[in-house]
Amino acid sequence: MLMTMMLSAPRGPPSVASWRAAWFQLIEDGKLCSISSVDERRVRYGLCFEEGEVREFCTDEQGVSLQLRASHVQVGPYDATLRANRALRPAAAPKLGELPEHDELICSFCTGPLRLAARPMVAQSLVAQTGRCWDVHFNISPMEPLGHFLLVPEIELPENRRPQRLTLADCVDLVHIGRACNGELCINYNSPLAGASQNHLHAHAWAIPTPYSLCAARAEASVALPGGVDAAILAWPASVLRLRGAAAEEVGAAVDALCSLEPVHNVAIVGDDTFVFVRSAEGEVSPSVPDLKIGTIQLLGR
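Worth saying up front: this structure is predicted, and the values here are computed from it rather than measured.

1. What to know about the overall build of the protein
- Each helix and strand counted, the protein has five helices and 18 strands in total.
- For the protein, buried positions account for 49% of its 302 residues.
- Counting contacts in the protein only where the partners sit at least 6 residues apart, residues at least 24 apart contribute 58% of the total.
- Surface summary for the protein: the accessible area is close to 14,600 Å², and the carbon and sulfur share equals 55%.

This is the structure we're talking about:
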């Protein structure tokens, strides 16, 4: 049995304002930075405040800026963002399938010096409608400079130390959390072989600096699903279904059914809209960006 000591965090409904304030304080304290090697040079990179705005930075050992900036990949009329600070991370395993099955004794979320129980939490997000709770942690290698959080089912409970696979209860919880964030944060999930890099159940919540073009995509076809869920196939360069117009429980059930049918997938929740991307196991890595796993952030557009 693993012994853990959870560091205290406020427990209550999702609060974008308090999560964001904690994020900005982390940047102000200079804690969102890391060190890597680029072309045999040691570099320090991360986020800082510059003239009152959050900026990405990258400097060499002498403090000289390397002028690293986010880049974009064009797919037809669509533009996807590649975050500069993510590009400096050590290369990830190209497929999650190459990693071992989830084992609580070796999972870095469950045990060891980087275990989540030893990290300070932003909050514990209580889903009032279900009574379940999700631990909210900082993601110190963020997709979005204005805020990126990890959402993990309450890890103190042994039943929540499990592989990266959504249950019906998880789907319902995430739809509730996404709706509570009112479109200010994108709640999202990467399955194995669709961008996930950790085989312990987790989702992401990150800031939305500008509306995603996906949210305005045209519906090519639509159908009414059980429970009053409106499902639309969108005109988009990736296979995606938009779900809306019903209670969170009904939308969560539709997400669960789709994920069970298509085990390689991404899920994104922006306000009242839930998007399910159906993926091919061979499509996690694209020849145009071979060092990058294609996950939710690359599928949303700009």
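2. Regarding the confidence of the model for the protein
- Mean pLDDT over the protein: 86, with 86% of residues reaching 70 or higher.
- Taken as a whole, residues 1–7 scores under 50 in pLDDT and shows 19 contacts with residues more than four places along the chain or in a different chain.
- Every residue in residues 90–97 is under pLDDT 50, and counting partners more than four places away or in other chains gives 21 contacts.

3. Remarks on the packing of aromatic side chains
- Summed over the entire model, instances satisfying the criterion amount to five aromatic pairs.
- Measuring from ring centre to ring centre gives 5.7 Å for W23 and F149, while their planes differ by 65°; the resulting arrangement is edge-to-face. Placement of the pair is W23 in helix α1 (residues 16–28) and F149 in strand β9 (residues 148–153), with a sequence separation of 126 residues.
- Judged by its relative accessible area of 0%, W23 falls in the buried class.
- A relative accessible area of 2% means that F149 is categorised as buried.
- Put simply, the rings of W19, W23, F138 and F149 pair up and form one aromatic cluster.

4. Description of the pairing of strand β15 (residues 265–270)
- Counting buried positions along β15 yields six of six residues, so the element is predominantly enclosed.
- Neither face of β15 is left uncovered, since the one carrying H265, V267 and I269 and the one carrying N266, A268 and V270 both have all their residues buried.
- In this sheet, β15 lies alongside strand β10 (residues 185–190) in antiparallel orientation, the contact comprising four bridges. Note that in β15 the partner of N188 across the bridge is A268.
- As paired elements, β15 and strand β16 (residues 273–278) share six bridges and run antiparallel to each other. Its bridge partner being in β16, A268 is matched across the sheet by F275.
- Remark: two residues form the turn of the hairpin made by β15 and β16, two consecutive strands paired antiparallel; G271 in that turn has positive phi of roughly 60°.

5. Some details on the nonpolar core
- In terms of nonpolar packing, the biggest core is built from 42 residues, with L151, I187 and L243 touching the most fellow members.
- When neighbours within four sequence positions are excluded, L151 is seen to be in contact with W19, W134, D135, V136, L174, I177, I187, H202, A203, H204 and A205.
- If you look at the next biggest cluster of nonpolar residues, it comprises 20 residues, including F275, F277, L299 and L300.

6. A look at the sheet that holds strand β14 (residues 240–244)
- With mixed pairing, the eleven strands of this open sheet are ordered in space as β1-β7-β8-β9-β11-β10-β15-β16-β14-β13-β12. The open sheet has two edge strands, β1 (11–12) and β12 (219–225), and neither has a second partner.
- When β1 meets strand β7 (residues 123–127), the two strands line up parallel, connected through two bridges. The residue of β7 that forms the bridge with G12 is S125.
- Running over the sheet, helix α3 (residues 168–180) touches β7, β8 (132–138), β9, β10, β11 (203–207), β15 and β16 and is turned about 65° from β8.
- The strands touched by helix α4 (residues 248–261) within the sheet are β12, β13 (229–234), β14, β15 and β16, with β14 carrying the most contacts at an inclination of about 160°.

7. Concerning the sheet that holds strand β4 (residues 53–60)
- Read from one edge of the open sheet, three strands run β2-β3-β4, paired in antiparallel fashion. Edge positions in the sheet fall to β2 (33–38) and β4, since each of these pairs with one other strand and no more. Looking at each pair of strands side by side, their axes are set apart by 25° on average, direction ignored.
- Where strand β3 (residues 41–50) and β4 come together, eight bridges link them in antiparallel fashion. Residue pairing for β4: V43 is matched across the bridge by D60.
- Across the face of the sheet, α1 comes into contact with β3 and β4 while running at roughly 130° to β3.

Thresholds, definitions, all that
- Residues numbered from 1 in each chain as written.
- Predicted model: local features only at pLDDT ≥ 70, side-chain atom pairs only at ≥ 80, totals over all residues.
- Heavy atoms only, no water.
- Helix = DSSP H or I, 4+ residues; strand = E, 2+ residues; numbered from the N terminus.
- Buried < 20%, exposed > 50% of the residue type's maximum accessible area, 1.4 Å probe, protein only.
- Contact = heavy atoms within 4.5 Å.
- Areas by Shrake-Rupley, 256 points an atom, 1.4 Å probe, with all protein chains shown as cover.
- pLDDT = per-residue confidence, 0-100.
- Phe/Tyr/Trp six-rings, centres within 6.5 Å; stacked < 30°, edge-to-face > 60°.
- Pairing = 2+ DSSP bridges.
- Core = buried A, V, L, I, M, F, W, Y, C linked by side-chain atoms within 4.5 Å.
- Axes fitted to C-alpha atoms, helices over the stretch in contact; angles between N-to-C directions.

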